[in-house]
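# Chains, contacts and geometry: an overview
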Amino acid sequence: MSGVAAGGVPVRVALVGMGRMGRALDALAPERGCEVVARLDADEMSNGITAADLHGAQVAIEFTTPESSVANAIALLQLGCPVVIGTTGWSAQLPAVEAATQAARCAALWSPNFSIGVQLFLLMAEDAARRARQVAGFDAHVVETHHIAKLDAPSGTGIAIADRLRDGLGREVPITSVRTGSVPGTHEIIFDAPFEQIRLVHEARDRRVFADGALTAARWLASARVPAVYTMRDVLAASQATS
């Protein structure tokens, strides 16, 4: 996962959405081989997104709201700008984004969580579930906790964890959502039996962990990808293949 583009030139990035994540991305970008060339918030996008707004960006990173995210992503793709979609709560509209990548011949990448640790946690979840399926008496549950301002519940990551557990266990797994304080994100898997309990926990200590992963994804996506919708699994697979 190189920090800069070929030849040591920073990747030019447009930030779409300048809330908490946008500001975290803006602060971390120079350390991760990215140059922020455009910062677009609601006011700048009130009449849509134009090529001039992007100032020559090679890739955009979108963190806005579930209501506006898909329209933003499609607009960027139509402008020929690959887009990393960090907003959650819109995945029911994924087919529309997939169609837009093919129509525009431009790539997108989305993930419910850009933490590299969460990607490992998802792999652990499925493996643990397959093992738990082989013994009697263990039930499973997911608890996800986020800050009070998070709009979607359950979180996209909570749903992704429950999906991996379902794949391993062969049954649906319930999710409990907690919204309190300023928690960046904590996800817990509970395997409970009559006389014992197993807990697996991933805790994000700082919002920068998501910014770091999103910038890694942006650098990867900027490298002339075949038009498609990718995920962080593709980014990790490419990293492992070249390591």
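Residues numbered from 1 in each chain as written. Predicted model: local features only at pLDDT ≥ 70, side-chain atom pairs only at ≥ 80, totals over all residues. Heavy atoms only, no water.

On the surface, a nonpolar cluster with roughly 350 Å² of combined accessible area is contributed by Ile116, Leu120, Leu123 and Met124. Mapped onto the elements, Ile116 comes out in helix α5 (residues 116–133). For Ile116, a relative accessible area of 33% gives the class partly exposed. (Patch = residues over 30% accessible without salt bridge, like charges linked within 9 Å, V, L, I, M, F, W, Y side chains within 5 Å. Areas by Shrake-Rupley, 256 points an atom, 1.4 Å probe, with all protein chains shown as cover. Salt bridge = Lys/Arg side-chain N within 4 Å of Asp/Glu carboxyl O. Helix = DSSP H or I, 4+ residues; strand = E, 2+ residues; numbered from the N terminus. Buried < 20%, exposed > 50% of the residue type's maximum accessible area, 1.4 Å probe, protein only.)

This part is about the sheet that holds strand β9 (residues 196–203). Read across the sheet, four strands follow the order β7-β6-β8-β9 without closing on themselves; strand pairing throughout is mixed. Each of the sheet's edge strands pairs with one partner strand only, and the pair in question is β7 (175–179) and β9. Across this sheet, the average inter-strand angle for adjacent strands is 15°, counted without regard to direction. In the sheet, strand β6 (residues 139–146) pairs with β7 via five bridges, with the strands oriented parallel. By the bridge assignment, His146 is partnered in β7 with Arg179. Across the sheet, helix α6 (residues 156–169) is in contact with β6, β7 and β8 (186–193); its angle to β8 comes to roughly 30°. (Pairing = 2+ DSSP bridges. Axes fitted to C-alpha atoms, helices over the stretch in contact; angles between N-to-C directions. Contact = heavy atoms within 4.5 Å.)

Per the counting criterion, the structure on display carries three aromatic pairs. Taking the centre distance of 5.4 Å and the plane angle of 65° together, the rings of Trp90 and Trp110 count as edge-to-face. One end of the pair, Trp90, is in the loop between β4 (83–85) and α4 (94–104); the other, Trp110, is in strand β5 (residues 108–110), and 20 residues separate them in sequence. Judged by its relative accessible area of 19%, Trp110 falls in the buried class. (Phe/Tyr/Trp six-rings, centres within 6.5 Å; stacked < 30°, edge-to-face > 60°.)

Taken as a whole and judged by the stated rule, the model has eleven salt bridges. The salt bridge partner of Arg166 is Asp167, with a shortest N-O separation of 3.4 Å. For Arg166, a relative accessible area of 28% gives the class partly exposed. Residue Asp167 is classed as partly exposed on the basis of its relative accessible area of 37%. The structure contains a network of salt bridges with shared partners spanning Glu31, Arg32 and Asp212.

Moving on, we come to α6. When the terminal C-alpha atoms of α6 are compared, their 20 Å separation across 14 residues agrees well with the 20 Å that a helix rising 1.5 Å per residue should span. Extensive coverage of α6 is indicated by the burial of ten of its 14 residues. Residues Gly156, Thr157, Gly158, Ala160, Ile161, Ala162, Arg164, Leu165, Gly168 and Leu169 constitute the buried set of α6. (Expected span 1.5 Å × (residues − 1).)

Time to look at the sheet that holds strand β10 (residues 229–230). Taken together, six strands build an open sheet; the order of strands is β2-β1-β3-β4-β5-β10 and the sheet is parallel. Every interior strand has two partners, whereas the edge strands, β2 (34–40) and β10, have only one. With six bridges connecting them, strand β1 (residues 11–16) and β2 associate as parallel partners. Paired with Val16 across the two strands is Leu40, which belongs to β2.

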